[in-house]
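Understanding the architecture of this molecule
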Amino acid sequence: MTNQNQTKRLPPGQQLVAPGKWPIIGERKPAESEQPWSLEIDGEVTQPTSFSIAELQSFPQTERIENIHCVTRWSMLDVTIRGVLLADLLNKVGVKEEVKFVSFVSRSERNHSTSLLIDEAIELGTLIALNINGKSLGLEHGGPIRNIVPGRYFYKSVKWLTRIDLLATDRLGYWEAETGYHNHADPWKEERYMVPSLDRRSVLKLLESRDFSGHDLRSINASDRNLDGLNARESLLRDANFKNASLIGADFSGANLSNAHFEKADLRQVKFIEADLEGADFAGADLRGANLTGSSLIGSTFCNLDSGGEISAAAVIDQSTTIPPEILPPLTPTQFEYLNSRLNQ
Ligand SMILES: Nc1nc2c(c(=O)[nH]1)N[C@H]1C(S)=C(S)[C@@H](COP(=O)(O)O)O[C@H]1N2
Ligand SMILES: [Mo]
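Summarised in this report is the structure supplied together with it.

Scoring rules and cut-offs
Residues numbered from 1 in each chain as written. Chains lettered and ligands numbered in written order. Predicted model: local features only at pLDDT ≥ 70, side-chain atom pairs only at ≥ 80, totals over all residues. Heavy atoms only, no water. 1 Å grid on protein atoms, 1.4 Å probe; cavity = no way out; pocket = protein on both sides within 12 Å on 5 of 7 lines; lining within 4 Å. Points joined across faces, edges and corners; volume = space filled by probe spheres on them. Nonpolar A, V, L, I, M, F, W, Y, C, P; charged D, E, K, R; others polar. Helix = DSSP H or I, 4+ residues; strand = E, 2+ residues; numbered from the N terminus. Contact = heavy atoms within 4.5 Å. Pairing = 2+ DSSP bridges. Core = buried A, V, L, I, M, F, W, Y, C linked by side-chain atoms within 4.5 Å. Buried < 20%, exposed > 50% of the residue type's maximum accessible area, 1.4 Å probe, protein only.

**Thoughts on the layout of surface pockets**
Within this model, the second largest pocket holds a volume of roughly 440 Å³. Around the second largest pocket, the lining is made up of 29 residues, and of these Ile-25, Gly-26, Glu-27, Lys-159 and Trp-175 lie nearest the centre. Grouping the amino acids of the lining of the second largest pocket by side-chain chemistry returns 13 nonpolar, seven polar and nine charged.

Right, here's the structure in full:
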C-alpha cells in the first residue's frame, strides 16, 4: 500500500508498481546480430570512438538511487542504478562546440532512439547503466546496456544502447515522432504528449457523425458530450478526454486509448475488446455491461485513494461487467484489489 511519504515522491497521475514487478514496455528484445556488443560515440565529436562492454565496466562506475516514471502511469521508487556517467564518457571523446543535442540509439529492429538537450542530459546525471539493483541488466530490460535519464519519463531511456550521436540539431526519437510523446518529458509537469493540432471543423464533423473508426484523434476533447453508440473501432485516441461523457453502447474495440480520460463517464454496454487501455483513467465511470476482454491494463485506474487510504471515485462495476481475470495482473496493487473485490462479490 502506498504510504504518505511515497505519495509525495510520486509525480501527478502516477502509481507505484507492486514490489519487484517491473513491467516490460515497448520492444522486448534487441535485434539479432553476430557482432559483439559495442557502444559507438559518433556525430559531432573530434574522435568517433567505440567502447566494448569490458571497457565500459573498467571505467569508474557511479551509483545512484533514482525513481522511474513511465508515461503509462506506473512508477518504481528507489532503484539502484550503476554505470558510467554520460558526462565522464563524453570527456573521453572531445565533444565539438556546436553540439546541442544527444541522441541515444538502440540495437533493435526499428533502430529505436530518443534525444535530449545535451546540457539537460548531463545535468540530470544520465547514466550508461550496466547494473540495476545489484544485478546486471536483464536482456528484456535493455541489457547489456541502456541509458537512464533520471527525472524524465522512462521513454528517454533506451534499451540495448549501441550508439550515442552528438548533434547540432535535434532528431526526434521513435516514440516522440510516432506517437506524439512530449519531447521534454518532465513527469512533474506531466509532459506526456505534444497536443497535435486537430482541425476544429473536421473534429466537429466526426463528433456529429459519431463515427471515429480508424481516425487519428489523439488528445481530442470530447468531455461532457453525448456520444451514445459511438463507433470508435481501431481509432487512435491516446490522451483523449471523455470525462463525464455519455458513451452508452459505444464500440472502442481495437482502439488505442492509452492515457485516455473516462472519469465519471457513462460507459454502460461499451466494448473495449482488444483495446489498449494502458494508463486510462476510469475513476467514477459506470462500467456496467462493459466488456474489456483482451484489453491491456498497465497503469489503468478504476478508483482513487484519498489521503487517509480510503477508496473514492470508484468505477461502478458488477457481474454484468466483463473483465477476465487474465488481464488483471498488470494493474497496480490498489487497482488489482479493487477490481478483484468487485468482480468476486
Ligand atoms: N529500444 C527500445 N527502448 C525503449 C523502448 C522501446 O520500445 N525500445 N520503450 C521505452 C519506453 S516507452 C519505456 S517506458 C521503457 C521501458 O523499459 P522497460 O521495458 O525496461 O520497463 O523503455 C523505453 N526504451
Ligand atoms: Mo513508456
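**Focus on the environment of Ala-121**
Along the chain, the position of Ala-121 falls in helix H4 (residues 118-123). On a C-alpha basis, the gap between Ala-121 and Phe-101 in space is 8.7 Å, while along the polypeptide they are 20 residues apart. Beyond its immediate sequence surroundings of up to four residues, Ala-121 is in contact with Leu-86, Val-102, Leu-116 and Thr-126.

**Quick look at the pairing of strand S2 (residues 38-43)**
Bridge count for S2 against strand S3 (residues 49-52) is four bridges, and the pairing is antiparallel. Directly across from Ser-38, in S3, lies its bridge partner Ser-52. Following S2, the chain reverses through five residues before pairing antiparallel with S3. Note: S2 against strand S11 (residues 161-167), four bridges, orientation parallel. If you follow Glu-40 over to S11, its bridge partner there is Arg-163.

**Looking at the nonpolar core**
Ranked by size, the top nonpolar core spans 44 residues in total, and within it Phe-242, Leu-247, Phe-252, Leu-257, Phe-262, Phe-272 and Phe-302 carry the most contacts. Breaking this core down by element, the ones donating at least two residues are helix H6 (200-209) and helix H7 (333-343). Sorting elements by how many residues they give to this core places H6 first, with three residues. Other than its neighbours up to four places away in sequence, Phe-242 contacts Phe-212, Ala-222, Ser-223, Leu-227, Leu-237, Leu-247, Phe-252, Leu-257, His-261, Phe-262, Glu-263 and Ala-265. Ranked by size, the runner-up nonpolar core spans 28 residues in total, among them Leu-39, Leu-89, Val-102 and Leu-130.

This is a description of form; function is not addressed.
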